[in-house]
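Spelled out, the chains give:
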Amino acid sequence: MIVLDGVSHAFDGRPVLADLSLTLAERRIGVVGANGSGKSTFARLLNGLVVPSAGSVLVDGIDTRRDAKAARRKVGFVFQNPDHQIVMPIVAEDLAFGLKPRGFGKAEIAARVDAALSRYDLAHLRDRPVHQLSGGEKQLIALSAVLVLEPALLVMDEPTTLLDLRNRNRLAEAVAALPEPVVMVTHDLDFIAGFDRVLMIEDGRLAADGLPAEVLPFYRERMR
Amino acid sequence: MTIGLYAPGASALHRLPAGVKLGALVAASLALFAIPSTIVALAAVPVAFAVYLSTGLGLNRLILELRGPALLLCFVFVFHALAGSVEEGIAAVARFAALILLASAVTLTTPVSEMAALVERLLGPLEPLGVNPAKVGLAIALAIRFVPMIAEEYRQIREAQAARGLDRNLLALVVPLIIRTLKAADDLADAIEARGIET
Amino acid sequence: MTRDVSTRDIVYIALFAALMAAVNLVPPIQVAFLPVPITAATLAVMLAGCLIGAKRGGLAILLFVLLVALGLPLLAGGRGGLSVFFGPTAGFILSWPVGAYVTGWLTEKNWPRMNAVWFFIFSVIGGIGVVYLIGIPWLALVAKLSLFDAAKGSLIFVPGDLVKAIAAAAIAETVRRAYPLMQAAR
């Protein structure tokens, strides 16, 4: 559960988000908004990548301003471009990368990496160089590299933008099967039509908050 | 992972630990430069050649390796000859030839990953001085990761600039390449932090 | 040396090492009035100093040199491995990180007044001055040549290096205006 209390954020003196107070407890939450509305900053607030200029963000009770590191461990973050997220040159090395600093032994790391890869039938990619994979495979690897760290919940920032329809559908299936709560920022309105709650951000403010059936038609109307 | 100049094989040199090979190479170079004898330098060449051949790698590979240095060594010899000492020239060229052969043999028989692990080990004792071997390892991995990414970005930018006739303009190619890859670097730094890894 | 290097610094260092590698993959350019082709290596040395400063720029090029030593064929013409460090021109390669550091140090000290002309001057000092100051005596020492002969053999590269310094200045000035790096992004 993430609780935002009176959160405002300014970047270089320019206000990006203003006075957000929210409790995020639903299993699937979508976030929509125009380019530049502040939704990427909103996503980054949820795991302490951005700390608010005012107010507080609590991730399962952990204040991101006090202990951003602990908050990041709770929240897995999937970025828009997997090429900008995958750190190591080889698939298995990248999954292992986040595990090493947690003090696991070699065998334990290998076992966790294999388990994470088989979750999406990616075991055959284990020793492949990342740059040879397709965009869809890369996004699933990026997701696996986050899931292997066993986060309590996931934040995704436009994860389908660079995917073709088939890979987008594959990711939708993968997300649907996740037991972890998900907060997803996206322009792909069909993706979140079945979610439990949708937030709409406009000029850094919360413009709508409710069921997809209420918020999405409103958002479509506003974007005309 | 077989990237780089490493050529897989099963020779004695392939099986030797990277640290031993590197140590021997450094010792050989120190010896060759410390002993000012033309005979020793000349004798070192066939020895180095034998070491190279023992790796089981063909002569084709050797010619490829030595094409660049060969030209340089010609220049060195010519300068010595012009300065009046042909013997000095022969000794200098022989010394370089022997060391280049030995160093090539080490590089060709040692995987990059093994060399990288050796570097991390060698940096261990420097830790009190503030050198963090894990950070160096991360930097090596990231750089290897970036090379194909840059190549792909460059391909896209060249295509885009060709569409407006700017594909021979250095600024139009390099500036967008640097700015786009800097953006990627910023995202990647975020992604590393997002995974809860602090360095 | 790496104690005060943040994650973001490491990513930038790796990026510029990789950019240096990518630049070296560009085939040498033959310019009509120059006797030797221009290879791009020192262009990246100058750019690293101009764009990410002394510490990060110097470490980026040092990382590149390390990658070459590890056996990656990243130098012009696909050369690499330990053998290049035992050839007569090793001093030039080892001078590159120092050159990037010097260009970066001068750039940082003068950041508020940087423009294309200063970028050019600092690129010449770090990317040409420092490189020859280390490379030529090294060549003389290991090839047992006189300093004068070693310098004579090296100077044919200077015109090409000046062309690179002009290119580096133009690129650095454009990037400086588009993406402010020296105030350590974010």
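Residues numbered from 1 in each chain as written. Chains lettered and ligands numbered in written order. Predicted model: local features only at pLDDT ≥ 70, side-chain atom pairs only at ≥ 80, totals over all residues. Heavy atoms only, no water.

Visitor: Would you mind going over the overall build of chain B with me for this structure?
Guide: Along chain B, the regular secondary structure elements total eight helices and zero strands. The secondary structure elements of chain B, listed N-terminal to C-terminal, are α-α-α-α-α-α-α-α. By the compact-globule yardstick of 16 Å for 199 residues, chain B is too spread out, its C-alpha radius of gyration being 22 Å. Its C-alpha atoms give chain B principal-axis dimensions of about 60 × 45 × 35 Å. Taking as baseline every contact in chain B between residues at least 6 positions apart, the subset at least 24 positions apart corresponds to 65%. Roughly 9200 Å² of accessible area belongs to chain B as shown, and the carbon and sulfur atoms make up 69% of that amount. (Helix = DSSP H or I, 4+ residues; strand = E, 2+ residues; numbered from the N terminus. Rg over C-alpha atoms; globule rule 2.2 N^0.38 Å. Contact = heavy atoms within 4.5 Å. Areas by Shrake-Rupley, 256 points an atom, 1.4 Å probe, with all protein chains shown as cover.)

Visitor: Would you mind showing me how to read the domain arrangement of chain B here?
Guide: When the parts of a complex come together, some accessible area is lost, and that lost area is often taken as the interface size. Split into domains, chain B comes out as domain 1 (12-111) and domain 2 (132-194). Summarising the inter-unit geometry, the C-alpha centres of domain 1 of chain B and domain 2 of chain B are found 36 Å apart. (Domains from an automatic or database assignment.)

Visitor: Explanation requested: the interface of chain C and chain B in the structure shown.
Guide: With 55 residues of chain C in contact, the opposing surface of chain B contributes 65 residues. For the pair chain C and chain B, the two sides together bury roughly 5100 Å², of which 75% comes from carbon and sulfur. Taken as a group, C:T7, C:L70 and C:F86 account for 14% of the area that chain C buries against chain B, more than any other trio of residues on that side. Along the contact surface separating chain C from chain B lie two salt bridges. We note a salt bridge from C:R8 to B:D186, for which the minimum N-O separation is 2.9 Å. Counting the contacts that link chain C with chain B gives six residue pairs in polar contact (both at pLDDT 80 or more). Mapped by element, the contributors of at least two residues to the side of chain C that touches chain B are α1 (7-25), α2 (41-70), α5 (147-155) and α6 (158-178) of chain C. (Buried area = accessible area lost by both parts, 1.4 Å probe. Salt bridge = Lys/Arg side-chain N within 4 Å of Asp/Glu carboxyl O. Polar contact = N/O pair within 3.5 Å; in protein donor to acceptor, adjacent residues only side chain to side chain.)

Visitor: What exactly am I supposed to notice about the packing of aromatic side chains here?
Guide: Each aromatic ring pair is characterised by the separation of its centres together with the angle its planes make. By the definition in use, this model includes five aromatic pairs over all chains. Ring centres of C:F92 and C:Y132 lie 5.9 Å apart, and the angle between their planes is 80 degrees; on these two criteria the pair is classed as edge-to-face. Within this pair, whereas C:F92 is found in helix α3 (residues 90-109), its partner C:Y132 is found in helix α4 (residues 116-142), the two being separated by 40 residues in sequence. The two residues C:F92 and C:Y132 agree in class, both being buried. Over the ring of A:F104 we find A:R112, and its NZ or CZ is 4.1 Å from the ring centre. (Phe/Tyr/Trp six-rings, centres within 6.5 Å; stacked < 30°, edge-to-face > 60°. Buried < 20%, exposed > 50% of the residue type's maximum accessible area, 1.4 Å probe, protein only. Lys NZ or Arg CZ within 6 Å of the ring centre and 35° of its normal.)

Visitor: Where do I start with the nonpolar core in this structure?
Guide: Burial of nonpolar side chains together is a common tendency in soluble globular proteins. B:L142, B:F146, B:I178, C:F16, C:F64, C:L82 and C:W96 are the most contacted members of the largest nonpolar core, which totals 130 residues. Structurally, this core is a two-domain feature, drawing no fewer than three residues from each of domain 1 (12-111) and domain 2 (132-194) of chain B. With sequence-adjacent residues up to four places away left out, C:F64 is seen in contact with C:A17, C:M20, C:A21, C:N24, C:L74, C:L75 and C:W96. By size, the runner-up hydrophobic cluster in this structure holds 45 residues, among which are A:I86, A:I141, A:V148 and A:L171. (Core = buried A, V, L, I, M, F, W, Y, C linked by side-chain atoms within 4.5 Å.)

Visitor: What's the story with the environment of A:L133 in this structure? I'm lost.
Guide: Relative to the helices and strands, A:L133 resides in the loop between α4 (106-119) and α5 (135-147). Once residues lying within four places of it in the same chain are set aside, the contact partners of A:L133 are A:V91, A:L125, A:R128, A:K138 and A:I141.

Visitor: What am I meant to see in the pattern of salt bridges here?
Guide: Think of it this way: side chains of opposite charge can pair up when their charged atoms draw near. Residue and element names in this part refer to chain A. Evaluated as defined, the whole model comprises 29 salt bridges over all chains. Between R126 and D114 there is a salt bridge, with the nearest N and O atoms lying 2.7 Å from each other. One end of the pair, R126, is in the loop between α4 and α5; the other, D114, is in helix α4, and 12 residues separate them in sequence. In this structure R126 comes out as partly exposed when scored by relative accessible area, which is 26%. Taking relative accessible area as the criterion, D114 reaches 34% and is therefore assigned partly exposed. Residues E202 and R222 are paired through a salt bridge, measuring 2.6 Å at the closest nitrogen-oxygen approach. Here E202 is found in strand β9 (residues 197-202), whereas its partner R222 is found in helix α7 (residues 212-222), with 20 residues between them in sequence.

Visitor: Could you clarify how one ought to interpret a nonpolar patch on the surface in this entry?
Guide: All names here are of chain B. Together, L42, F77, V78, L82, V86 and I90 make up a nonpolar patch on the protein surface, roughly 520 Å² of accessible area in all. Only α4 (59-82) and α5 (86-109) provide two or more residues apiece to the nonpolar patch. If you tally residues by element for the nonpolar patch, the top one is α4, at three residues. As for its placement among the helices and strands, L42 is situated in helix α3 (residues 38-54). Take L42: its relative accessible area is 44%, and that puts it in the partly exposed class. (Patch = residues over 30% accessible without salt bridge, like charges linked within 9 Å, V, L, I, M, F, W, Y side chains within 5 Å.)

Visitor: I tried to follow α3(B) on my own but got confused; where do I start?
Guide: Residues three or four positions apart in an α-helix share a direction because the helix packs 3.6 residues into each turn. All names here are of chain B. For α3, which comprises 17 residues, the first-to-last C-alpha distance of 25 Å matches the rise-based estimate of 24 Å (1.5 Å per residue) to within 8%. Taken together, the buried positions of α3 are T38, A41, A44, A48 and Y52. Against the buried residues of α3 lie α2 (18-34), α4 and α5. The first or second residue beyond α3 is G56, which carries a positive phi of 80 degrees. (Expected span 1.5 Å × (residues − 1).)

Visitor: Help me understand the sheet that holds strand β6 (residues 75-78) of chain A in this model?
Guide: Two modes of strand pairing occur in sheets, parallel and antiparallel, and in both the strands are linked by backbone hydrogen bonds. Residues and elements named next belong to chain A. Strand order in the open sheet formed by six strands is β6-β7-β8-β3-β9-β10, and the pairing between neighbours is mixed. Every other strand in the sheet has two partners, leaving β6 and β10 (205-210) as the edge strands with one partner each. For this sheet, the mean inter-axis angle between neighbouring strands, taken without regard to orientation, is 15 degrees. Bridge count for strand β3 (residues 28-32) against β9 is four bridges, and the pairing is parallel. Across the sheet, residue G30 finds its bridge partner in β9, namely V198. Against the sheet, α5 touches β6 and β7 (153-157), its axis set at about 165 degrees to β6. (Pairing = 2+ DSSP bridges. Axes fitted to C-alpha atoms, helices over the stretch in contact; angles between N-to-C directions.)

Visitor: Is there a simple way to explain the environment of A:H187 in this structure?
Guide: Residues and elements named next belong to chain A. Its place among the elements puts H187 in the loop between β8 (182-185) and β9. Taking relative accessible area as the criterion, H187 reaches 37% and is therefore assigned partly exposed. Distance from H187 to R65, taken between C-alpha atoms, is 29 Å for residues 122 residues apart in sequence. Setting aside residues no more than four positions away along its own chain, H187 makes contact with G33, N35, K39, E158 and Y219. Polar contacts involving the side chain of H187 include one to the side chain of N35, which spans 3.4 Å.

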